[in-house]
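Survey of secondary and tertiary structure
The chain contents come next:
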Amino acid sequence: MKLKTFFCLLFLLAAAVAAADFSLEKAQRIEKFLNRVATHRQPSLFLKKAAFNESELNSYLNLIYVKKYAPEVTFIELRLRDKDQVGGSLKVKLAGDKYAAVPEFLRDVDVSFQGKFECSNYHMRYVFEKLVINGNNYSPEILDEAFAVAQFNAKTKNRFSTGSPCCPA
C-alpha cells in the first residue's frame, strides 16, 4: 500500500512539473548569455542583440534566478505582450526565523500584476498599471511611491510630528 501511495505521489509531482513547462535547457541559455555579459564588461564592448521568448524567460526565472537570488519566491510567471506590456503572477513564502517579525498574513503572498516597461537613455523601469495582492486590488501608485522611497533612500515627512507647521509643539 505504501509503495502504491509513493508512486501516486511521484506521478502527481511529475505531472505538476510537466504542467509548469519549465525547461532547464531554456533557462541555461539565458544564464549563459548573462554570464557572458558579466564577464566581458568593457566600455568598448558592443553587444549583439539577443531575444528570449516567454517560455525561456519563465524557465530561467523559476529554475535559476529564484534559487540563486530570491528563494522566498516559490513561483513566478511573466506574460509578455505587445508594446512593452508585461503581466504576471508570483508567489512568495516568507518562512523561518529571518521573517519572524513579519506579520503572519504577509508571509504567504500571491501577487498578480500588469504594466509596461519604459526605456530611455539606457535606463529602464516597470510601471504598474494593475496590482492584486492576495486577491485584493491595490493602487499601483502606492507601490511606485514605496519603491521610489526605497531606491533613493528618501526620508518621508511625518505630518503628525510635533514642531511642524501643521502640528505646533
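Here the structure is a predicted model, which is why all the values come from computation and not from measurement.

Calculation rules
Residues numbered from 1 in each chain as written. Predicted model: local features only at pLDDT ≥ 70, side-chain atom pairs only at ≥ 80, totals over all residues. Heavy atoms only, no water. Core = buried A, V, L, I, M, F, W, Y, C linked by side-chain atoms within 4.5 Å. Buried < 20%, exposed > 50% of the residue type's maximum accessible area, 1.4 Å probe, protein only. Helix = DSSP H or I, 4+ residues; strand = E, 2+ residues; numbered from the N terminus. Contact = heavy atoms within 4.5 Å. Polar contact = N/O pair within 3.5 Å; in protein donor to acceptor, adjacent residues only side chain to side chain. Salt bridge = Lys/Arg side-chain N within 4 Å of Asp/Glu carboxyl O. Pairing = 2+ DSSP bridges. Axes fitted to C-alpha atoms, helices over the stretch in contact; angles between N-to-C directions.

**What to know about the nonpolar core**
As a rule of thumb, nonpolar side chains are buried together in soluble globular proteins. Counting residues in hydrophobic clusters, the biggest one holds 21 residues, and the most contacted among them are Y60, V73, I76, L90, V92, V111 and F113. Among the elements of the structure, α2 (24-39), α3 (54-69), β1 (73-80), β2 (85-93), β3 (108-120) and β4 (123-133) are those that each provide at least two residues to this core. Ranked by residue count, the leading element in this core is α3, at four residues. Among residues more than four places away in sequence, those in contact with L90 are F75, I76, V109, D110, V111 and F113.

**Topic: the environment of N53**
For N53, the position within the fold is in the loop between α2 and α3. Among the polar contacts made by the side chain of N53, one reaches the main-chain amide nitrogen of S55 at a distance of 3.1 Å. Within the structure, N53 has its side chain in polar contact with the backbone nitrogen of E56 (distance 2.7 Å).

**Details of the pattern of salt bridges**
Counting across every chain of the model gives eight salt bridges. One salt bridge connects K68 with E31, and the closest N-O pair in it is separated by 2.5 Å. Residue K68 is found in helix α3, and its partner E31 is found in helix α2; the two are separated by 37 residues along the sequence. Taking the shortest distance from any N to any O, the salt bridge between D110 and K91 comes out at 4.0 Å. Highlighted residues: D110 in strand β3 and K91 in strand β2, separated in sequence by 19 residues. Of the residues examined, D110 reaches a relative accessible area of 38% and is grouped as partly exposed. Of the residues examined, K91 reaches a relative accessible area of 38% and is grouped as partly exposed.

**Details of the sheet that holds β4**
Overall, antiparallel pairing links the five strands, which are arranged β1-β2-β3-β4-β5 in an open sheet. The open sheet has two edge strands, β1 and β5 (136-138), and neither has a second partner. Put simply, the sheet's adjacent strands are angled 30° from each other on average, direction ignored.

Distances and angles like these do not, on their own, reveal function.
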